[in-house]
Amino acid sequence: MDVSNGDEVRSVLGRFRPDLVIHCAAETNVDLCEAQPERAERINAGGTRYIARVAADLGVGVIFVSSDSVFDGSRGGYSETDQTAPLNVYSRTKLLGEQAVLESSGENLVVRTNMFGWNMLPKKSLSEWCLAQLREGNEIRGFADVLFSPLLVNDIASLVLETYEAGLRGLFHLGARDHTSKYEFALKIARAFQLDERIVTASSLSAAELTAPRPKKTYLDVSKLTSALGRPLPSIDDGVQAFHELERSGYVEELKAISAN
């Protein structure tokens, strides 16, 4: 459904009467959001408001997948109580979506995260892009000054459901228990797949000349969720190794076949 169409949202949710809505739809192209702020507002903020309002009317819970980029990235290690300060249109509209979901019902859950993994759609995730460049022998210029705490999307899916089923509501940070730079992340991919690390070189965010400003340090403090679940969250290395194993196991072929159908 088109989440930016309020009538359509009400019609679809009313027809299916779900037990739970997991809202992942978003315009995630950061530079496109900057160039077309009305599109970002319509989908990321407006669409989320529609879903939150209709779900509340139906008595249905919502899980909203948000972003670690709602902070300005000046220091990293952000907790759920730290002040948000989005630097670009994408981040601002995701934050507006968070607010709509949290304000509409106390039964909703918002998770801020950063993900990597295998995509069933044509668009490549960061990890897939790195792997493709490495296999083609193309130089990768990784940002050494951008620090994040990404989780494998498969782990995020499991943890989101576990969090909700455990009765946890409100705002939680969901990321790896450690953090790394974009440069080191590309090296981790190269090592896991036994590809040439020498074509991965260190670069800086400023050298990329991107349209929209990006925060540099967005790694998250996940102690709130760790305490609530009673165990540590996966590490980045755990996720990268699982990313590799998913390809070896035939999972990726199955995923792409589903997409093709």
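For the structure itself, consult the block above.
The rules behind these values
- Residues numbered from 1 in each chain as written.
- Predicted model: local features only at pLDDT ≥ 70, side-chain atom pairs only at ≥ 80, totals over all residues.
- Heavy atoms only, no water.
- Disulfide = S-S within 2.5 Å.
- Buried < 20%, exposed > 50% of the residue type's maximum accessible area, 1.4 Å probe, protein only.
- Core = buried A, V, L, I, M, F, W, Y, C linked by side-chain atoms within 4.5 Å.
- Contact = heavy atoms within 4.5 Å.
- Salt bridge = Lys/Arg side-chain N within 4 Å of Asp/Glu carboxyl O.
- Helix = DSSP H or I, 4+ residues; strand = E, 2+ residues; numbered from the N terminus.
- Phe/Tyr/Trp six-rings, centres within 6.5 Å; stacked < 30°, edge-to-face > 60°.
- Patch = residues over 30% accessible without salt bridge, like charges linked within 9 Å, V, L, I, M, F, W, Y side chains within 5 Å.
- Areas by Shrake-Rupley, 256 points an atom, 1.4 Å probe, with all protein chains shown as cover.
- Expected span 1.5 Å × (residues − 1).
- Bend = angle between axes of the 7 residues up to and from the residue.

## Describing the state of the cysteines
Two cysteines whose sulfur atoms are joined by a covalent bond form what is called a disulfide. Evaluated as defined, the whole model comprises 0 disulfides. Summary of cysteine pairing: cysteine 24 is not part of a disulfide, and the nearest cysteine sulfur, belonging to cysteine 33, is at 16 Å. Cysteine 24 gets classed as exposed once you look at its relative accessible area, which sits at 53%.

## Structural notes on the nonpolar core
With 45 residues, the main nonpolar core has Trp118, Leu174, Ile189 and Phe243 as its most contacted residues. Every residue in contact with tryptophan 118, bar those within four places of it in the chain, is listed here: Glu128, Leu131, Phe193, Phe243, Leu246, Glu247, Tyr251, Val252 and Leu255. Within the second largest apolar cluster, 15 residues are counted, among which are Val60, Phe64, Val101 and Val110.

## Let's talk about the pattern of salt bridges
On inspection of all chains with the given rule, the structure shows 16 salt bridges. For glutamate 107, the salt bridge goes to arginine 169, with nearest N and O atoms at 3.5 Å. With glutamate 107 in the loop between helix 4 (89-104) and strand 3 (109-113) and arginine 169 in the loop between helix 6 (153-165) and strand 8 (170-174), this pair connects stretches of sequence that are 62 residues apart. Residue classification places glutamate 107 among the partly exposed positions, given a relative accessible area of 47%.

## Observations concerning the packing of aromatic side chains
Counting across every chain of the model gives 6 aromatic pairs. Seen from their ring centres, phenylalanine 116 and phenylalanine 243 are 6.2 Å apart, and the 70° between their planes marks the pair as edge-to-face. One end of the pair, phenylalanine 116, is in strand 4 (residues 115-116); the other, phenylalanine 243, is in helix 9 (residues 236-248), with 127 residues separating them in the sequence. Taken as a pair, phenylalanine 116 and phenylalanine 243 share a single burial class, namely buried. Residues phenylalanine 148 and phenylalanine 185 carry aromatic rings whose centres are separated by 5.6 Å and whose planes lie at 70° to one another, so their mutual orientation is edge-to-face. On the criterion of sequence distance, the pair formed by phenylalanine 148 in strand 6 (residues 147-148) and phenylalanine 185 in helix 7 (residues 182-192) is long-range, its members being 37 residues apart.

## So, unusual backbone geometry
In the Ramachandran plot, arginine 17 falls in the positive-phi region, its phi being about 45° despite a non-glycine side chain. Relative to the helices and strands, arginine 17 resides in the loop between helix 1 (6-16) and strand 1 (20-23). We classify arginine 17 as exposed; its relative accessible area is 54%. A positive phi is found at glutamine 194, a non-glycine position, where the angle reads about 55°. With respect to the helices and strands, the residue glutamine 194 is situated in the loop between helix 7 and strand 10 (200-203). For glutamine 194, a relative accessible area of 74% gives the class exposed.

## Observations regarding a nonpolar patch on the surface
Taken together, the side chains of Met120, Leu121 and Ile258 make up a nonpolar region of the molecular surface, amounting to roughly 280 Å² of accessible area. Within the secondary structure, isoleucine 258 sits in helix 10 (residues 251-260).

## Details of the environment of valine 222
Mapped onto the elements, valine 222 comes out in the loop between strand 10 and helix 8 (223-229). Sequence-distant contacts of valine 222, that is, excluding residues within four places in its chain, are made with His173, Leu174, Gly175, Ala176, Arg177 and Leu233.

## Some remarks on helix 3 (residues 37-58)
Spanning 22 residues, helix 3 covers 30 Å between terminal C-alpha atoms, matching the ideal 32 Å at 1.5 Å per step. Maximum bend of helix 3: about 30°, positioned at glycine 46. Residues Ala40, Ile43, Asn44, Ala45, Gly46, Gly47, Thr48, Ile51, Ala52, Val54 and Ala55 constitute the buried set of helix 3. Those residues of helix 3 that are buried lie in contact with helix 1, strand 1, helix 2 (30-35), strand 2 (61-67) and helix 4. The positive-phi residue at the C-terminal boundary of helix 3 is glycine 59, with phi of around 70°.

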